[in-house]
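Results of the structural survey
Each chain, written out:
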Amino acid sequence: MFECFLLLSKREYDILLLETKRTGDVKQKTDVKQGTLALMVLKTLEVLGPLHGFGIARRIEQISGDLLFVNQGTLYPVLLKLEQEGSVDSDWGTSENNRRARYYRLTKTGRKQLQSEVQDWQQTTDIIARFLSAKAEELS
Amino acid sequence: MRSLRRFWKRTWQFVTRQNDERRLREEMEQHLALETEANIRAGMAPAEARRAALLKFGSVEAVRESYHAEKGLPLLETTLQDCSYALRMLRKSPAFTVVAVLTLALGIGANAAIFTLVHALMLKHLPVADPKMLVRLGNGNNCCVGISSSDNGELSLFSTDSYEYLRKNVPEFEELTAMQAGFAYRPVVVRRDAGGETPRSVMGEFVAGNYFRTFGLAAANGRLLEDRDDIAGSPLTAVMSYETWKTRFNGDASVVGSTFRVNTKPVTVVGIAPKGFYGDRLLGTPPEYFLPIEAMPGIANVTYVHGTEVMWLYLVGRVRPGVNLGALQQKVSVLLRQQLAETPHYSSQEGKAKLQIQHIVLTPGGAGIQAMQEHYNQKAKVLMAASVLVLLIACANLANLLLARGMARKAEMNVRTALGARRGRIVRQLLTESLLLAGMGGLAGLAVAYIGARALLAMAFPGAVNNPIDATPSAAGLAFAFGLSVLTGMLFGVAPAWVASKAEPVDALRGARSGSGGTTLLQRTLVVVQAGLSLVLLVGAGMFAESLGKLEHIDLKLDPVNRYIAHINPQTAGYSQRQLGDLYRTLEERFHALPGVEKVGISSYTPMEDDNNNWSVMVQGKPDPHLSASYIKANADYFDSVGTRVVMGRGISVNDTASSPTVAVVNREFVRQMFKPGENPIGQHFGGGPKSAGDWEIVGVVENTAYQSATWKDHMMYFVPLMQRQPSADYPIDKDEEMYAGAIVLKTSRPIPQMEELTRRTLAGINPNLSVVKFQTFTAQIADQFSEERMLSRLTMLFGALALLLATLGLYGVTAYGVARRTSEIGIRMALGAERRNVTAMVMRGTMLQALVGLSIGIPVAMVCVRFVRSQLYEIKGIDAGVLICSVVTLMAAALLAGFIPARRAASIEPAQALRAE
């Protein structure tokens with residue numbers, strides 16, 4: 001007998017393994033990169049204050065207007081990464097319906113990181129916007 | 001900055017093994033619960049609400065994996081995981097693990113052991129300052145005391161006069177020093193003055209005053225010899241070796257400055273040589289004391305230090321930087337010829353002609369006098385070749401084992417791939433396994449290497465004291481063997497996995513077996529190669545054994561039964577030549593008085609010991625044949641005590657005294673070479689040269705007893721009564737070195753175990769300074785002369801046995817594996833009606849076929865290799881048919897055994913079971 005990693009999910013769910021291809025069946029939504037997800041998390045925490053994972057996911061869903069396809073589960077690794085980097089702090093608390101939930105909040109480092117990332121985004125969008133609106137004559 | 005912080009956090013988590021598994025699970029559960037509730041509020045049914053929540057969440061496993069990928073140090077963790085898994089797997093198949101580790105250990109260990117010794121022997125540099133600037137004058141090993149010219153003109157032994165001449169006239173040498181060539185044959189007897197301990201016979205080397213300065217050494221304590229010690233008449237001083245100081249005197253500082261009695265003369269030990277300095281040449285028993293040359297006449301009672309052209313020194317010099325060695329060699333040769341031209345030996349017409357070709361060859365002196373290295377050179381090469389063969393066989397075995405194992409785990413690899421493991425990950429896991437195996441094998445090999453090196457040293461230098469050759473495995477040897485094994489392990493461990501991972505995973509899941517039944521061509525090739533190499537080693541071992549057998553059965557024409565030999569040195573005990581007559585008489589009386597002693601032989605040296613004294617001979621009335629014969633002085637009892645038969649005339653009698661006519665007894669070989677067939681030698685005269693041809697009258701002829709070596713065929717010898725000197729000798733008896741006997745041979749009526757003690761006491765009773773230099777039974781002395789051949793024979797047999805074992809294991813492994821793979825096929829055959837013996841025959845056929853193919857490769861290879869070892873063998877021209885047949889039979893028998901067990905297992909397969917167990 002040999003050891004192997006056991007599968008838990010049932011057959012209906014399409015994404016089972018790391019290497020096999022995704023056959024996404026929701027074509028309208030777009031994937032989001034991990035970096036931008038982190039930015040969204042930080043912004044959410046800044047605006048809404050300390051929040052648990054579910055709340056953050058809901059908020060992102062709301063704001064993106066359901067245009068973004070985020071497997072809610074992927075939030076948790078991102079949150080861990082941010083915690084390790086020192087941008088967020090987490091602790092156990094009680095949620096609205098009296099359940100135990102892990103609350104995340106922004107730290108000073110997180111605020112600084114958010115600021116710098118926002119600045120980067122602004123810069124990037126400005127430059128791109130300028131390019132996109134530039135007419136032929138202005139570039140001579 | 002952020003990533004650094006992350007890295008630290010990860011490392012910390014790894015170290016403290018934090019596992020927030022529970023936290024994640026709780027978080028995820030809470031998340032799902034909240035989402036489910038929200039769905040229920042939105043109007044879904046509870047079951048559907050939960051399902052929708054799960055869908056939205058995504059794969060829990062995927063999340064968990066990404067989560068864990070952020071924590072800890074995944075690379076290190078997976079490697080550790082691999083390691084523990086590999087260990088578990090290895091533990092599960094103990095047979096495989098043990099065989100693999102053993103194979104590796106033997107292969108690596110044997111090689112490292114031999115490499116260590118060869119490295120220590122061949123490549124060892126003297127532990128001196130800047131060995132590259134040292135140059136030896138001479139390239140040969142002639143030893144030890146005499147006057148001779150070289151046939152090929154190359155001189156390596158020099159007289160004191162030559163040394164001093166060169167030292168004065170060759171400024172290119174920063175220092176030129178001289179050392180006694182033959183100290184190994186002339187032990188000194190040393191006793192500390194205070195303390196009343198018994199004197200010991202030890203190695204002591206006489207060296208020039210600038211010896212230590214030439215080698216650039218500093219004393220470990222006190223001071224080393226200087227020029228002022230090497231002046232005639234100065235107080236006697238000596239330097240003790242570091243090993244002696246540590247082992248015999250426990251590093252006692254009071255030794256420096258204390259007085260020792262060397263050959264009864266008081267000598268002050270002025271210092272200790274540096275640690276690790278064992279002298280100027282590799283010897284099993286290095287010198288314990290270094291003394292100045294000028295002290296030699298007084299201490300060793302020799303006469304050849306000054307005023308003669310006797311050659312007895314080796315010369316080593318330190319050249320100045322920038323000196324051209326080619327030009328220096330010319331200069332030194334020219335100067336030496338100038339100096340020798342003045343000597344009597346080269347004054348005659350003949351001498352002048354010989355002088356023209358005499359020259360010195362300069363050789364690198366960084367490794368000292370290379371006598372031992374040259375002697376063992378060939379043997380070392382043979383042993384290294386054999387050990388490399390064993391290593392190759394071991395690697396082939398390992399390769400086979402790993403291949404078989406890899407094939408067996410093909411299904412496992414396929415399932416892993418199907419589950420999503422990347423090829424790199426699988427390969428990494430297998431690599432870890434192979435490396436772990438190689439590591440374990442390497443460690444075991446280290447132990448084998450250490451033990452092996454020690455055993456080899458003990459075999460090569462029996463009875464050595466303070467052996468300077470280190471038995472610790474050399475790094476280079478270990479690295480080579482280890483590296484090869486690791487390479488093999490990696491290659492053959494990973495290769496099957498690589499191949500397997502290419503296959504479609506779905507095949508394995510469907511349960512199909514990859515069609516190939518039985519063993520692959522690669523495996524069979526490896527086994528065949530193993531068989532071939534084993535045959536080569538077996539043949540080699542057989543030939544060395546044959547050679548040894550031939551040597552040991554040579555008729556030495558002596559009788560060693562109930563004989564004891566005691567080596568003495570009356571010269572160092574302080575006897576002058578004039579006192580020897582009384583001494584010998586007393587020796588005969590006292591030893592005859594011992595109970596059980598029948599004959600007391602006294603002589604210069606004895607048969608089958610490493611000693612010889614050659615003088616040129618010429619028969620009166622015949623032309624000078626330019627030959628030399630060995631010269632021994634002996635008493636009347638001598639021939640009987642060694643068991644040499646007198647075949648013509650008479651032996652030496654008690655009436656042959658200093659005043660009676662000078663007579664000699666010659667051996668059969670002397671008669672054969674110096675006289676025509678049928679000619680009667682009795683009554684004829686011979687001597688050293690034309691002027692002295694009438695020195696000795698031949699009164700008897702004896703058998704050709706073997707002296708020095710059993711293989712010395714054309715050995716001429718003549719024996720002369722102890723107290724007689726050649727009438728033509730132009731030097732007084734006081735300068736005659738030959739008068740001193742070196743051995744007493746006792747023939748007893750029965751074995752006397754305490755003979756050594758009795759001998760010591762008897763000698764001490766005559767003169768307390770007359771100590772026993774060496775005591776052995778005649779049989780032991782003879783056996784010593786064969787020690788090298790015996791060692792070589794034993795080692796090659798060991799390697800042959802090792803190779804055979806490994807090859808058998810390989811054959812067995814492959815056959816067993818083949819049977820296991822073909823289980824279903826065999827089941828079908830038996831179900832279709834094949835008898836059990838047919839099955840057995842089928843399996844055995846396969847095995848024997850492989851062995852035969854191996855043989856057919858091995859035999860021609862062996863025949864080619866014989867050429868290289870012929871020089872080491874005694875009277876063996878090519879492979880003996882007997883040896884070949886024996887080796888072939890042995891190999892086939894091993895193959896039979898290897899194939900038999902799996903064959904029986906195959907025959908005992910139940911067809912129904914076999915078919916069921918896919």
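Reading the values: the criteria
- Residues numbered from 1 in each chain as written.
- Chains lettered and ligands numbered in written order.
- Predicted model: local features only at pLDDT ≥ 70, side-chain atom pairs only at ≥ 80, totals over all residues.
- Heavy atoms only, no water.
- Helix = DSSP H or I, 4+ residues; strand = E, 2+ residues; numbered from the N terminus.
- Rg over C-alpha atoms; globule rule 2.2 N^0.38 Å.
- Contact = heavy atoms within 4.5 Å.
- Areas by Shrake-Rupley, 256 points an atom, 1.4 Å probe, with all protein chains shown as cover.
- Buried area = accessible area lost by both parts, 1.4 Å probe.
- Salt bridge = Lys/Arg side-chain N within 4 Å of Asp/Glu carboxyl O.
- Polar contact = N/O pair within 3.5 Å; in protein donor to acceptor, adjacent residues only side chain to side chain.
- Nonpolar A, V, L, I, M, F, W, Y, C, P; charged D, E, K, R; others polar.
- Buried < 20%, exposed > 50% of the residue type's maximum accessible area, 1.4 Å probe, protein only.
- Lys, Arg positive; Asp, Glu negative; His and termini not counted.
- Pairing = 2+ DSSP bridges.
- Axes fitted to C-alpha atoms, helices over the stretch in contact; angles between N-to-C directions.
- Expected span 1.5 Å × (residues − 1).
- Arc of directions from axis to C-beta.
- Core = buried A, V, L, I, M, F, W, Y, C linked by side-chain atoms within 4.5 Å.
- Phe/Tyr/Trp six-rings, centres within 6.5 Å; stacked < 30°, edge-to-face > 60°.
- Lys NZ or Arg CZ within 6 Å of the ring centre and 35° of its normal.
- Parallel < 35°, antiparallel > 145°, perpendicular 65-115°, else oblique.
- Left-handed = near helix turned anticlockwise from the far one by under 90°.
- Disulfide = S-S within 2.5 Å.
- pLDDT = per-residue confidence, 0-100.

Observations regarding the overall build of chain B
Check the secondary structure of chain B and you find 28 helices and 24 strands. At 38 Å, chain B has a C-alpha radius of gyration far larger than the 29 Å of a compact globule built from 918 residues. Each principal axis of the C-alpha distribution contributes one length, and for chain B these read about 140 × 75 × 60 Å. Across chain B, the fraction of contacts at a sequence separation of at least 24, relative to all contacts at a separation of at least 6, is 81%. Split by element, the accessible area of chain B, about 40,300 Å² in all, is 59% carbon and sulfur.

Overview of the interface of chain A and chain B
Taken together, the contact pairs 43 residues of chain A with 42 residues of chain B. Of the roughly 3,900 Å² buried between chain A and chain B, counting both surfaces, carbon and sulfur atoms make up 56%. Where chain A touches chain B, the interface holds 3 salt bridges. Of the charged contacts in the structure, one is a salt bridge between A:Arg100 and B:Glu26, with a shortest N-O distance of 3.2 Å. Our count for the chain A to chain B interface comes out at 7 residue pairs in polar contact (both at pLDDT 80 or more). Broken down by secondary-structure element, the contributors of at least two residues to the side of chain A that touches chain B are helix H2 (53-64), helix H3 (75-85), strand E2 (88-94), strand E3 (100-106) and helix H4 (108-133) of chain A. The leading source of residues in the side of chain A that touches chain B is H3(A), at 7 residues. For the side of chain A that touches chain B, the per-class residue count stands at 18 nonpolar, 13 polar and 12 charged.

So, the side chain of B:Lys633
All names here are of chain B. Its location among the elements puts Lys-633 in strand E17 (residues 627-634). Salt bridges are absent for the buried Lys-633, whose nearest opposite-charge side chain, Asp-736, sits at 4.7 Å. At 2.6 Å, the side chain of Lys-633 and the side chain of Tyr-631 are in polar contact. A distance of 3.3 Å separates a polar side-chain atom of Lys-633 from the backbone oxygen of Gln-724. Filtering out sequence-adjacent residues up to four positions away, Lys-633 remains in contact with Ile-602, Ser-603, Ser-604, Val-720, Pro-721, Leu-722, Gln-724, Glu-738 and Met-739.

Considerations on the sheet that holds E2(A)
In spatial order, the strands read E1-E3-E2 (chain A); together these 3 strands make up an open sheet with antiparallel pairing. Bordering the open sheet on either side are strand E1 (51-52) and E2 of chain A, each of which pairs with just one other strand. The pairing of E1(A) with E3(A) spans 2 bridges and is classified as antiparallel. Across the sheet, residue A:His52 finds its bridge partner in E3(A), namely A:Tyr103. Its contacts with the sheet place helix H2 (residues 21-42) of chain B against E1, E2 and E3 of chain A, and it is angled at close to 100 degrees to E3(A).

Describing helix H9 (residues 242-249) of chain B
Because each turn of an α-helix spans 3.6 residues, side chains separated by three or four positions in sequence point in the same direction. All names here are of chain B. Listed in full, the buried residues belonging to H9 are Tyr-242, Thr-244, Trp-245 and Phe-249. Tucked into the core, H9 has its buried residues touching strand E4 (188-192), strand E7 (221-222), strand E8 (237-240), strand E9 (259-262), strand E10 (265-272) and strand E11 (289-292). Remark: Asn-250 follows H9 within two positions and exhibits a positive phi of approximately 55 degrees.

So, helix H5 (residues 74-92) of chain B
All names here are of chain B. Along its 19 residues, H5 runs 26 Å from first to last C-alpha, staying within 8% of the 27 Å computed at 1.5 Å per residue. Every buried residue of H5 is listed here: Thr-78, Asp-82, Tyr-85, Ala-86, Met-89 and Leu-90. For H5, the angular spread of buried residues about the axis comes to 135 degrees, placing them on one side. The secondary structure elements touched by the buried residues of H5 are helix H6 (94-122), helix H13 (371-408), helix H14 (410-418) and helix H15 (423-460).

Focus on the nonpolar core
With 134 residues, the main nonpolar core has B:Leu137, B:Leu166 and B:Phe212 as its most contacted residues. Counting residues in each nonpolar core, the second largest holds 29 residues, with B:Leu587, B:Leu722, B:Met755 and B:Ile766 among its members.

Some thoughts on the packing of aromatic side chains
All names here are of chain B. In this structure the tally under the stated criterion is 25 aromatic pairs over all chains. Between the aromatic rings of Tyr-211 and Phe-277, the centroid separation amounts to 6.3 Å while the plane-to-plane angle is 65 degrees, which identifies the pairing as edge-to-face. Taken as a pair, Tyr-211 in helix H8 (residues 211-214) and Phe-277 in the loop between E10 and E11 lie far apart in primary sequence, 66 residues in all. By relative accessible area, Tyr-211 is classed as buried at 0%. By the ring-pair criterion, three or more aromatic residues cluster together here, those being Trp-615, Tyr-631, Phe-670, Phe-686, Trp-696 and Tyr-718. The side chain of Arg-136 reaches across the aromatic face of Tyr-314, ending 4.7 Å from its centre. The lysine or arginine in question, Lys-246, covers the ring of Trp-245, its NZ or CZ lying 5.3 Å from the ring centre.

Topic: unusual backbone geometry
Residue and element names in this part refer to chain B. Put simply, Cys-143 and Cys-144 share a cis peptide bond, and its omega is 5 degrees. Among the secondary structure elements, Cys-144 is positioned in the loop between strand E1 (134-137) and strand E2 (158-159). Look at Asn-263: it is not a glycine, yet its phi comes out positive at around 50 degrees. For Asn-263, the location among the structural elements is in the loop between E9 and E10. In this model, Met-608 sits at a positive phi of 55 degrees, which is unusual for a non-glycine residue. The topology assignment puts Met-608 in the loop between strand E15 (597-603) and strand E16 (614-619). For Met-608, a relative accessible area of 1% corresponds to the buried category.

A closer look at the packing of helix H7 (residues 160-169) of chain B against helix H11 (residues 325-341) of chain B
All names here are of chain B. At their nearest, the axes of H7 and H11 sit 10 Å apart, and the two run at 130 degrees to each other. Between H7 and H11, the angle falls in the class oblique. Every pair of crossing elements has a handedness; the one defined by H7 and H11 is right-handed. When H7 is examined against H11, the residues Asp-161, Ser-162, Tyr-165, Leu-166 and Asn-169 are found in contact with a partner set consisting of Lys-331, Val-332, Leu-335, Leu-336, Gln-338, Gln-339 and Leu-340. Here the contact of H7 with H11 is built from residues that sort into 6 nonpolar, 4 polar and 2 charged.

Here we look at the environment of B:Met797
All names here are of chain B. Here Met-797 lies in helix H24 (residues 787-821). Once the C-alpha coordinates of Met-797 and Gly-540 are considered, the two residues, 257 residues apart in sequence, prove to be 8.1 Å apart. When sequence neighbours within four positions are dropped, the list of residues in contact with Met-797 reads Ala-541 and Ala-545.

A few points about the state of the cysteines
Residues and elements named next belong to chain B. Taken as a whole, this structure holds 1 disulfide over all chains when the rule is applied. In this model, Cys-143 is linked to Cys-144 through a disulfide, with the two sulfur atoms separated by 2.0 Å. Disulfide Cys-143-Cys-144: torsion about the S-S bond near 100 degrees, hence right-handed. Cysteine Cys-886 remains unbridged, with the sulfur of Cys-865 as its closest cysteine sulfur at 19 Å.

Focus: the side chain of B:Arg416
Residues and elements named next belong to chain B. By the element assignment, Arg-416 lies in helix H14. For Arg-416, a relative accessible area of 17% translates into the label buried. There is a polar contact of 3.2 Å between the side chain of Arg-416 and the side chain of Tyr-85.

Section: the packing of helix H19 (residues 580-592) of chain B against helix H22 (residues 755-766) of chain B
Residue and element names in this part refer to chain B. Running from amino to carboxyl end, H19 crosses H22 at an angle of 140 degrees, the nearest separation of the two axes being 11 Å. On the basis of their axis angle, the class for H19 and H22 is oblique. Between H19 and H22 the crossing geometry is right-handed. In contact with Leu-583, Thr-586, Leu-587, Arg-590 and Phe-591 of H19, H22 contributes Thr-759, Thr-762, Leu-763, Gly-765 and Ile-766. Of the residues belonging to the contact of H19 with H22, the class tally is 5 nonpolar, 4 polar and 1 charged.

Some details on the confidence of the model for chain A
All names here are of chain A. For chain A, mean pLDDT is 73; residues scoring 70 or higher make up 68% of the total. Per-residue pLDDT, averaged within each element of chain A, yields its smallest value for H2 (84) and its largest for H4 (89). Throughout residues 1-28 the model reports pLDDT below 50, and contacts reaching past four residues in sequence, or to other chains, amount to 29 contacts.

A word on the pattern of salt bridges
Residue and element names in this part refer to chain A. Taken as a whole, this structure holds 42 salt bridges over all chains when the rule is applied. Across the pair Lys-43 and Glu-46 runs a salt bridge whose closest N-O atoms are separated by 3.1 Å. Of this pair, Lys-43 and Glu-46 both sit in helix H1 (residues 34-48), separated by 3 residues, roughly a single helical turn. A residue is classified by how much of its surface remains accessible, and Lys-43, at 40% relative accessible area, is partly exposed. Between Arg-105 and Asp-89 there is a salt bridge, with the nearest N and O atoms lying 3.1 Å from each other. With Arg-105 in strand E3 and Asp-89 in strand E2, the pair connects residues that are 16 residues apart, well separated along the chain.

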